[in-house]
Amino acid sequence: MTEPAVLFVCLGNICRSPLAEAAFRAEAAKAGLRVKVDSAGTADYHVGEAPDPRAIRTAARFGIDISGYRGRQATAADFDRFTHILAADHSNLRNLERIAPPAHSARLSLLLDLVPGRAGEAVADPWYGDEEGFLVTWEEVSAAARALVAELQA
C-alpha cells in the first residue's frame, strides 16, 4: 500500500486546516503511522502567512508548535499528491470539486464525515470569535484526526 498522504483544507489556511494538520500529525505520531500531511486553503488570502495567533496559542495549549506553518492555496496538483483531501466545510468542498482534475484518485470528503454521528457537518469556523471558538475547532479536528488514524491503521 502507498504511504497515505492527507491534505486538510479550509478557506484561508490560517485557522481550521492548520489546526487539523497539527492534530493529525500528533495522532499519527502517537500511533507510529507513517504519513505525509499538509494543509491548504481554497482562497489565496493568506498565502505565505503564519496561522492566526489564536490558532497558534490553541495548538500550543496541547504542546504543538504551528508557528512555522505557512498558508498556501490548494491546487489541482494536490489531487495527485494526496490520497485524502478533507475539507472543513461544504463551501470549501465545492471549491475543491471545481479544481479537481477529471480523473483523480484522491478521496475527497468533509473532515467531520470521519467522526461517527457528525457526517455532513462543517468544522466550526472560529475566525470571528474568541479563543473558546478555537478550542471547539481543536476538539472537532482532534476527533477527526483520531478517526482517520484508526481508519488508516485498519
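Residues numbered from 1 in each chain as written. Predicted model: local features only at pLDDT ≥ 70, side-chain atom pairs only at ≥ 80, totals over all residues. Heavy atoms only, no water.

Enquirer: Give a description of the packing of aromatic side chains that names residues and reports values.
Expert: All chains considered together, the criterion is met by 3 aromatic pairs. Consider the rings of phenylalanine 62 and tryptophan 138, whose centres lie 5.0 Å apart with planes at 15°: the pair is stacked. Placement of the pair is phenylalanine 62 in the loop between α2 (53-61) and α3 (78-81) and tryptophan 138 in helix α5 (residues 131-153), with a sequence separation of 76 residues. Look at phenylalanine 62 and you get partly exposed, because its relative accessible area is 43%. Judged by its relative accessible area of 7%, tryptophan 138 is buried. (Phe/Tyr/Trp six-rings, centres within 6.5 Å; stacked < 30°, edge-to-face > 60°. Helix = DSSP H or I, 4+ residues; strand = E, 2+ residues; numbered from the N terminus. Buried < 20%, exposed > 50% of the residue type's maximum accessible area, 1.4 Å probe, protein only.)

Enquirer: Could you give me a rundown of the pairing of strand β3 (residues 84-87), with the residues and numbers involved?
Expert: Burial along β3 is two-sided: His84 and Leu86 and Ile85 and Ala87, pointing in opposite directions, are all buried. Bridging between strand β1 (residues 5-10) and β3 involves 4 bridges; their strand directions are parallel. Residue pairing in the sheet places valine 6 in a bridge with histidine 84 of β3. Relative to strand β4 (residues 107-110), β3 is paired through 4 bridges, and the arrangement is parallel. Of the residues in β4, the one forming a bridge with leucine 86 is serine 109. Taken together, β3, helix α4 (residues 90-99) and β4 constitute a β-α-β crossover, and its handedness is right-handed. (Pairing = 2+ DSSP bridges. Right-handed = clockwise from strand over helix to strand, strands pointing away.)

Enquirer: Can you explain the sheet that holds β1? Please cite residues and give values.
Expert: With parallel pairing, the 4 strands of this open sheet are ordered in space as β2-β1-β3-β4. Edge positions in the sheet fall to β2 (36-41) and β4, since each has one partner strand and no second. When the angles between neighbouring strand axes are averaged without regard to direction, this sheet yields 20°. (Axes fitted to C-alpha atoms, helices over the stretch in contact; angles between N-to-C directions.)

Enquirer: Describe the packing of α2 against α5, listing the residues and the values that go with them.
Expert: Orientation of α2 relative to α5, taken along the N-to-C sense of each, is 55°, at an axis distance of 9 Å. Considered as vectors, α2 and α5 are oriented oblique to each other. In terms of crossing hand, the pair formed by α2 and α5 is right-handed. Where α2 approaches α5, its residues Arg54, Ala55, Arg57, Thr58 and Arg61 are matched on the opposing element by Glu131, Phe134, Leu135 and Trp138. A class-by-class count of the residues in the contact of α2 with α5 yields 4 nonpolar, 1 polar and 4 charged. (Parallel < 35°, antiparallel > 145°, perpendicular 65-115°, else oblique. Left-handed = near helix turned anticlockwise from the far one by under 90°. Contact = heavy atoms within 4.5 Å. Nonpolar A, V, L, I, M, F, W, Y, C, P; charged D, E, K, R; others polar.)

Enquirer: Lay out α4 with the relevant residues and their values.
Expert: Residues of α4 that are buried: Asn92, Leu93 and Leu96. Angular distribution of buried residues about the axis of α4 spans 105°; they occupy a single face of the element. Residues of α4 that are buried in the fold lie against β1, α1 (16-31), α3, β3 and β4. The N-capping residue of α4, defined by a side-chain oxygen 3.2 Å from the backbone nitrogen of serine 91, is aspartate 89. (Arc of directions from axis to C-beta. Polar contact = N/O pair within 3.5 Å; in protein donor to acceptor, adjacent residues only side chain to side chain.)

Enquirer: An account of the packing of α1 against α5 is requested, with residue identities and associated values reported.
Expert: In the contact formed by α1 and α5, the axes pass within 8 Å of each other and the chain directions differ by 45°. Classed by the angle they form, the pair α1 and α5 counts as oblique. The interaxial crossing formed by α1 with α5 has right-handed handedness. Across from Arg16, Leu19, Ala20, Ala22, Ala23, Phe24, Glu27, Ala28 and Ala31 in α1, the residues of α5 making contact are Phe134, Thr137, Trp138, Val141, Ser142, Ala145, Arg146, Leu148, Val149, Leu152 and Gln153. Residues of the contact of α1 with α5, tallied by class, amount to 14 nonpolar, 3 polar and 3 charged.

Enquirer: Describe in detail empty space enclosed by the protein, supporting the description with residues and values.
Expert: One pass over the structure, following the stated rule, counts 1 cavity of 30 Å³ or more. Space inside the largest cavity adds up to approximately 40 Å³. At the level of elements, β1, α1 and β3 are the ones that each hand at least two residues to the lining of the largest cavity. With 3 residues, the top contributor of residues to the lining of the largest cavity is α1. Residues belonging to the lining of the largest cavity are distributed by class as follows: 9 nonpolar, 1 polar and 1 charged. (1 Å grid on protein atoms, 1.4 Å probe; cavity = no way out; pocket = protein on both sides within 12 Å on 5 of 7 lines; lining within 4 Å. Points joined across faces, edges and corners; volume = space filled by probe spheres on them.)

The values reported here are purely geometric and, on their own, carry no functional implication.
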